[in-house]
Amino acid sequence: MRPRLILCNKDFEKMKIVMLGAPGAGKGTQAKQIAAKYDIPHISTGDIFRANLKEGTPLGLKAKEYMDKGSLVPDELTLELIMDRFTQPDCKNGYVLDGFPRTIPQAEALTKALADNKDEIDYAVNVEVPDERIIDRMSGRRACAKCGGTFHIKYNPTKVEGVCDLCGGELYIRDDDKPEIVKKRLDTYHAQTQPLIDYYEKAGKLKEVDGTQDVDKVFADIVKVIEA
Ligand code: ADP
Ligand code: ADP
Ligand code: ZN
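Residues numbered from 1 in each chain as written. Chains lettered and ligands numbered in written order. Predicted model: local features only at pLDDT ≥ 70, side-chain atom pairs only at ≥ 80, totals over all residues. Heavy atoms only, no water.

**What to know about the site of ligand 2**
- The environment of ligand 2 is formed by 19 residues, the closest being Gly-24, Thr-29, Arg-141, Phe-151 and Gln-213.
- One nitrogen or oxygen atom from the main chain of Ala-25 is found 3.2 Å from an oxygen atom belonging to ligand 2.
- Within the backbone of Gln-213, one N or O atom sits 2.8 Å away from a nitrogen atom of ligand 2.
- About the coverage of ligand 2: the protein hides 93% of its 560 Å² of free accessible area.
- Broken down by class, the residue content of the shell around ligand 2 amounts to 6 nonpolar, 9 polar and 4 charged. (Near = heavy atom within 4 Å. Polar contact = N/O pair within 3.5 Å; in protein donor to acceptor, adjacent residues only side chain to side chain. Areas by Shrake-Rupley, 256 points an atom, 1.4 Å probe, with all protein chains shown as cover. Nonpolar A, V, L, I, M, F, W, Y, C, P; charged D, E, K, R; others polar.)

**Focus: a negative patch on the surface**
- Together, Glu-128, Glu-201, Glu-208 and Asp-210 give the surface a local cluster of negative charge.
- Turning to its location among the elements, Asp-210 is positioned in strand 10 (residues 206-210).
- According to the relative accessible area criterion, Asp-210 is partly exposed, its value standing at 37%. (Patch = residues over 30% accessible without salt bridge, like charges linked within 9 Å, V, L, I, M, F, W, Y side chains within 5 Å. Salt bridge = Lys/Arg side-chain N within 4 Å of Asp/Glu carboxyl O. Lys, Arg positive; Asp, Glu negative; His and termini not counted. Charge placed at Lys NZ, Arg CZ, Asp CG, Glu CD. Helix = DSSP H or I, 4+ residues; strand = E, 2+ residues; numbered from the N terminus. Buried < 20%, exposed > 50% of the residue type's maximum accessible area, 1.4 Å probe, protein only.)

**Topic: the sheet that holds strand 8 (residues 150-152)**
- Strand order in the open sheet formed by 3 strands is 8-7-9, and the pairing between neighbours is antiparallel. In this open sheet, the two strands that pair with only one neighbour each are strand 8 and strand 9 (171-172).
- For strand 7 (residues 141-144) and strand 8, the ladder comprises 3 bridges, and the chain directions are antiparallel. For Arg-142, the partnering residue across the bridge sits in strand 8 and is Phe-151.
- Contacting strand 7 and strand 8, helix 6 (residues 131-139) crosses the sheet at an angle of about 45° to strand 7. (Pairing = 2+ DSSP bridges. Contact = heavy atoms within 4.5 Å. Axes fitted to C-alpha atoms, helices over the stretch in contact; angles between N-to-C directions.)

**Side note on the coordination of the zinc ion (ligand 3)**
- Within the protein, Cys-144 (SG), Cys-147 (SG), Cys-164 (SG) and Cys-167 (SG) serve as the donor atoms for the zinc ion (ligand 3), at 2.3 Å.
- For the zinc ion (ligand 3), the 4 donor atoms in the first shell make angles of 100 to 115° at the metal, a pattern classed as tetrahedral.
- Spacing between the donor residues of the zinc ion (ligand 3) along the chain follows C-x2-C-x16-C-x2-C. One end of the pair, Cys-144, is in strand 7; the other, Cys-167, is in the loop between strand 8 and strand 9, with 23 residues separating them in the sequence.
- A residue is classified by how much of its surface remains accessible, and Cys-144, at 4% relative accessible area, is buried. (Donors = N, O, S within 2.8 Å, 3.2 Å for Na, K, Ca; no water. Tetrahedral: all angles 85-135°; square planar, octahedral: opposite > 155°, others 65-115°.)

Structure representation (structure tokens):
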């Protein structure tokens, strides 16, 4: 058995966290750090769609149609993908979900799937960043094609330009990070994803953090609310 991770008399093993926030708010950046600290898998539906696209699977090609427009992939397709991911053995230790759920029906499906096992998520962490900051974040985002690492030319630069600090892979600009698509993604966010803040508030799971601070400060605040 692996050692149990116990902090402040609380048992963080099997912790299940949902990351909420606009595209570019820093969900992925924070989710990676949470996953490392609490030894739980980081599950990003966007990363899974992009990996499928890279391999040219039917799912990836279908998802691309929506991603390129700044729209959401239909719930049915997304739910099939995520429910399959949950069956993998690493999920028994909990997880941090990044980019899922993104609609009320997705959140309801997650709540139900967990409730069927007498389970529930522990926290929904909302990383709050106003729209006017988002364009700046997205236009400078650079992603690693090999390991999924995320950097920013201004706020989180790599040691060598264009090269991933984590694996040496080549960095690229995501197709959907172009300003006109980012605008559409923000509209999509407000219409379909923002209502989840209210959903998790009503469920008593919501934790808010100020995402406009430095990456390390945002992370410290997340740890504080999780361990409070
Ligand atoms: P970001 O973190 O910048 O918002 P993601 O990598 O999470 O971007 O998502 C990229 C795109 O993948 C989204 O714009 C959407 O088209 C699709 N996508 C990711 N997760 C979901 C989801 N849960 N439901 C529907 N579409 C999704
Ligand atoms: P999301 O997963 O919510 O779409 P990312 O974690 O990919 O967001 O972050 C979007 C961009 O903003 C990336 O280029 C990332 O390096 C940068 N970033 C993340 N957090 C911060 C922060 N607190 N301050 C400044 N830039 C940040
Ligand atoms: Zn890399």
